[in-house]
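# Geometric and topological summary
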Amino acid sequence: MSGSAEETKKHVDIYMKVAGALAVLTVLTVLASYLDVAVPLAIIIAVIIATAKGSLVVSYFMHLVDERSRTLIFTLALTVVFWIVLMLVPFLTISDTYGVHKPLPNADAAHAEDEAH
Amino acid sequence: MEIPYTVAARPDTGLNNVKLGIWLFLASEVMLFGGLFSTYVILRIGGVDWPLGAEYLNIPIGAFNTAVLIGSSVTMVMCFASLKLGDFAKYRMYMGATILLALTFLAVKGFEYYEKVSHDHLPSHSTFLAIYWTMTALHGLHIVGGVIVNGYFWGPGSRMWHVKREMFENRVEAAGLYWHFVDLVWIFLFPVLYLL
Amino acid sequence: MENVTTAEHVAHAEHAHDEHELSFLRAYVFSVDHKVIGIQYAITAMLFLLFGFSLMMLMRWQLAYPGAPIPIIGNFLGQANAPGGIMLPEFYNQLGAMHGTIMVFMGVVPLAVGGFGNYVLPLQIGAPDMAFPRLNMASYWAFFGGGVVMFASFFVPGGAANSGWTSYAPLSIIALEGQTWWLIGMIFLITSSLLGSINFIVTALQLRAPGLSFMRLPFFVWAQLVTAFLLLLAFPPLEAAGVLQLMDRVADTSFFMPSGLVTTEGPLEISGGGNPLLWQHLFWFLAHPEVYVLILPAMGIVAEILANNTRKPLWGYRVLVASVIFLGFMSFIVWAHHMFLTGMGTAMSAFFQTTTMIISVPSVVILSAFFITLYGGSIRYNVPMLFALAFLPMFGIGGLTGLPLGLSAPDIHLHDTYYVIGHFHYVVAPGTIFALFAGLYYWYPKATGRVMNETLGKIHFWGSFIAINCVFAPMFITGLVGVNRRLYDGGMQYAHAQEVMEWNAFMSYGAWALGLFQIFFIVNFFWSIRNGKKVGDNPWGATTIEWQAPSPPPHGNFTTPPEAHRGPYEYSVPGASNDFSMQGQATGAEPEPAKV
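Residues numbered from 1 in each chain as written. Chains lettered and ligands numbered in written order. Predicted model: local features only at pLDDT ≥ 70, side-chain atom pairs only at ≥ 80, totals over all residues. Heavy atoms only, no water.

### Let's talk about the overall build of chain B
Within chain B, the secondary structure is distributed over 7 helices and 0 strands. In sequence order, chain B lays out its α and β elements as α-α-α-α-α-α-α. Its C-alpha atoms give chain B principal-axis dimensions of about 60 × 35 × 20 Å. Out of the 196 residues belonging to chain B, those deemed buried represent 63%. Taking the intrachain contacts of chain B between residues at least 6 apart in sequence as the baseline, contacts between residues at least 24 apart amount to 75%. Side-chain charges of chain B comprise 12 positive and 13 negative groups, with the mean position of each set lying 10 Å from the other. (Helix = DSSP H or I, 4+ residues; strand = E, 2+ residues; numbered from the N terminus. Buried < 20%, exposed > 50% of the residue type's maximum accessible area, 1.4 Å probe, protein only. Contact = heavy atoms within 4.5 Å. Lys, Arg positive; Asp, Glu negative; His and termini not counted. Charge placed at Lys NZ, Arg CZ, Asp CG, Glu CD.)

Right, here's the structure in full:
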């Protein structure tokens, strides 16, 4: 992010375009939520739009597209790897139940209580 | 001896201390919010039933707040650009706008919280509301922190511009990186909590 | 420094320091100098180590003589904890939980990372200070605050946290108030570690002296760098988990509380729907890397001392560096081997067994390289070297006994028995803590300009070495028999364990003897500050940059800016006039004779 006034002015142009794109995507994500689709598909759509918005912010507002420092890129890549590991935690906790119909032991606790009365 | 590379970038890493420091901090923040998002997924998968966000939350208000926060990110990046162009007055204006937008966000959020409390939709009501309160409150605290930092650079801290220009630019850049990150978290929080 | 109000003056603070006489508070209490902060960290952490050790000595009385009143000390524990001097089970649980918490989070890590990292790392890379001196101070005071909260929790109604140092849900959530204090204390400690780790990484990457390329960094710096990355990326998920548990306790949420939970007081009034395993995953996501946070700095210290006292280059420097990086990386994907008994399924178990077996490879590489370093050296058996040498077999025992625990089949029998206690204490107590003692004896002359007394040091070493093995070796026996680690009576209730019960008293004698031998260290440590033998800047004839600075180093550390001209371990270079070639000595220039 060094550079002359010229360059900065060019950047300002890009910022404005990114701002416009973010506004459009925000509207889009709200509209998409009114679509009558199954929940898994709705999640996929919402996550894709959010990722697109996030990438724009990270790339242009946080200047990662211009980043040339290998130290920084390595550090962030490492973070992303461990972040992915962290996001796998939910799937580790339920990996046993894939394809097996196993209702939670307490799923009908309220019901059982009624019967007891 | 003075501490080197406080302002100029070190040739072999291509970074100054401040920039590396703030990025490392953001890396830890990624893991912090990662833990919470992970929790969200686990609770949702394991939950017997999970409400749609709209059952409890007001989508237009959430969308408005999203726009406000993205707007503040734009003004924040304009602050930095104004400094680069050497226009201090514009910098003050944009920084002031960033702070006002952040305060607007907090006010709207406060109104939402007030609504929840008055409907007795407290964290103990359900797991959905628990994760909603925890994540938005933690995010809100990050906004408060950002307002304090930005307020400092708008007010007393901005004197540095006249003394050590480059150092001040670096600091505003670091504050900006933090602010964009807070915005980024909200970009994911909004659809996850309100829309799904 | 008094008139420094805004941040831009930080860089100039160095000059200000030279020009003004600092007030006592600024110089010794709220100091921003990495050396003062390092010493503050070290002393606070050593006090916590002593405190945590005392808790264990109390527990060992209960284990040796279940139900017998504790002599003398028992009268001071309070009626709520030990009526008539007889320890209550609730109090025993508090001691157990707090012993673990204090030793790990307030003792070993702050000493190894906060103490040694702060003091030695900037000196070793030829830096005037840490990259962010005021952040460094904030990190210490956050640690101190966390320590105060933890300590105070003993005095709240119901006492300190008593759900184990792992604080497993849902037990910890229905526990008494002490658990809330534990969580708040942990949030302070985590914040401290995060601030510290950012500072360490920036310092190690940015502040290296000219010529000090990555492959010329001393191994200690590498170990601290990897450790800092572990702290940076593994601690935040625990912070998140801590916040969630705090919500569960304070705001009655159900993050970790399943539906339909019933206690002795009837069904709980909660919304339910949470997942207790989530706590374990988030906790071990931190706590397994934490194990490497405990061991890596110790390995770094041992590497420095081995090379110095064998007067040989460290064997396989590049392999060591690669191993330590790989170790750090792998430590993030082995955490679930602590959870084989949670019923997580064979596929997951197989995955985590595999990664666990893989992570043992770099550990073995590092240990082997250390052993090979000894080969053919003319070894100086001074006190730091004795502790460093003892580290090798002790860490070896600790590591090898870990293998059966990493495989899910034997773990079913061994999980939560004394075998586990024996295993990780061998890694951390005669392993890490011995390495830390080695480091204290080794760098003491740098911090004070005097060496610690050799005779007292040798008594301390041999006494501790024998006593500590008497404590932990029998644990493998009782553990293999199947005695659970958390029992208040040490396993007396087990019919099948009667014949190993005699070991309980034996281990307790070992623990108390270990306590006695620490007196030699404490006396030596304080006595030598004023009365130790005066030595020059480089008493051990070492090569790394910190020995170029005056002892003790002034503010700003170096009189002339150091520069690195060679690798860190150039001992006994053929043709050189000394048996050590200092990193900062220009090629061709005659090395200064060691001022011993």
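Next comes the rest of the account.
### Overview of the interface of chain B and chain A
Tallying the contact residues gives 45 residues for chain B and 46 residues for chain A. Between chain B and chain A lies a buried interface of about 3,800 Å² when both sides are counted; carbon and sulfur atoms form 82% of it. In this structure, the connection of chain B to chain A is made through 1 salt bridge. With its nearest N and O atoms 2.9 Å apart, the salt bridge here joins E67 of chain A to K19 of chain B. Here chain B and chain A share 3 residue pairs in polar contact (both at pLDDT 80 or more) between them. Of all the secondary structure elements, the ones that give two or more residues to the side of chain B that touches chain A are α1 (17-46), α3 (59-84) and α7 (165-195) of chain B. Of the residues forming the side of chain B that touches chain A, the biggest block, 16 residues, is contributed by α1 of chain B. Partitioning the side of chain B that touches chain A into residue classes produces 30 nonpolar, 9 polar and 6 charged. (Buried area = accessible area lost by both parts, 1.4 Å probe. Salt bridge = Lys/Arg side-chain N within 4 Å of Asp/Glu carboxyl O. Polar contact = N/O pair within 3.5 Å; in protein donor to acceptor, adjacent residues only side chain to side chain. Nonpolar A, V, L, I, M, F, W, Y, C, P; charged D, E, K, R; others polar.)

### Re the packing of α1 of chain B against helix α8 (residues 276-310) of chain C
Across the interface, α1 of chain B lies against α8 of chain C with an axial gap of 11 Å and an inter-helix angle of 160 degrees. Looking at the two axes, α1 of chain B sits roughly antiparallel to α8 of chain C. Both α1 of chain B and α8 of chain C take part in a crossing whose hand is right-handed. Of the residues in α8 of chain C, those touching α1 of chain B at M31, G35, T39 and I42 of chain B are L278, L282 and F285 of chain C. Within the contact of α1 of chain B with α8 of chain C, the residues separate by chemical class into 5 nonpolar, 2 polar and no charged. (Axes fitted to C-alpha atoms, helices over the stretch in contact; angles between N-to-C directions. Parallel < 35°, antiparallel > 145°, perpendicular 65-115°, else oblique. Left-handed = near helix turned anticlockwise from the far one by under 90°.)

### What about the interface of chain C and chain B?
In this assembly, 48 residues from chain C lie in contact with 39 residues from chain B. For the pair chain C and chain B, the two sides together bury roughly 3,600 Å², of which 70% comes from carbon and sulfur. The salt bridge involving D12 of chain B is made with R208 of chain C; its shortest N-O contact spans 3.4 Å. Here chain C is connected to chain B by 7 residue pairs in polar contact (both at pLDDT 80 or more). Only α1 (13-19), α6 (178-206), α7 (219-250) and α8 of chain C provide two or more residues apiece to the side of chain C that touches chain B. Examining the composition of the side of chain C that touches chain B, we find that 10 residues originate from one element, α7 of chain C, more than from any other.

### Some words on the packing of aromatic side chains
According to the stated counting rule, one finds 75 aromatic pairs over all chains in the structure shown. Pairing W186 of chain B with Y194 of chain B gives two aromatic rings, centres 6.1 Å apart and planes at 65 degrees, and the pair type is edge-to-face. Overall, W186 of chain B belongs to the buried group, its relative accessible area being 0%. Aromatic pair F387 of chain C and Y441 of chain C: ring centres 5.6 Å apart, planes at 15 degrees, arrangement stacked. Placement of the pair is F387 of chain C in helix α11 (residues 383-400) and Y441 of chain C in helix α14 (residues 418-448), with a sequence separation of 54 residues. Here Y441 of chain C falls in the buried class, since its relative accessible area comes to 3%. Among the aromatic residues, those joined into a ring-pair cluster are F387, F434, F437, Y441, Y444, F461, W462, F465, F521, F525 and F526 of chain C. Directly above the aromatic system of W154 of chain B lies the positively charged group of R92 of chain B, at a separation of 4.5 Å from the ring centroid. (Phe/Tyr/Trp six-rings, centres within 6.5 Å; stacked < 30°, edge-to-face > 60°. Lys NZ or Arg CZ within 6 Å of the ring centre and 35° of its normal.)

### Some details on the nonpolar core
Residues and elements named next belong to chain C. In terms of nonpolar packing, the biggest core is built from 286 residues, with F219, L296, W335 and F370 touching the most fellow members. If one sorts the elements of this core by residue count, α8 sits on top with 21 residues. Counting only domains with at least three residues in this core, you end up with domain 1 (34-50 + 80-257) and domain 2 (536-596). Discounting chain neighbours no more than four positions away, the residues touching F219 are M299, G300, A303, E304, L314, Y317, L320, V321, V324, F370 and Y569. (Core = buried A, V, L, I, M, F, W, Y, C linked by side-chain atoms within 4.5 Å. Domains from an automatic or database assignment.)

### Describing the environment of G482 of chain C
Along the chain, the position of G482 of chain C falls in the loop between α15 (454-481) and α16 (502-531). Separated by 75 residues in sequence, G482 of chain C and L407 of chain C have C-alpha atoms that sit 17 Å apart.

### Points about the environment of M59 of chain C
Residues and elements named next belong to chain C. Turning to its location among the elements, M59 is positioned in helix α3 (residues 34-64). Remark: the alpha-carbon pair of M59 and F387, spanning 328 residues in sequence, is separated by 27 Å. Residue contacts for M59: discarding those within four places in its chain leaves M87, Y92, L95 and G96.

### What about unusual backbone geometry?
Residues and elements named next belong to chain C. With an omega of -5 degrees, the peptide bond between A169 and P170 qualifies as cis. Structurally, the position occupied by P170 is in the loop between α5 (133-152) and α6. The linkage connecting S551 with the following residue, P552, adopts the cis geometry, with an omega of -15 degrees. Here P552 lies in the segment after β4 (533-534). Residues other than glycine seldom take positive phi values, yet D252 does so here, at roughly 60 degrees.

### Some remarks on the side chain of N150 of chain B
Relative to the assigned elements, N150 of chain B resides in helix α5 (residues 127-154). On the basis of relative accessible area, N150 of chain B is assigned to the buried category, the value being 2%.

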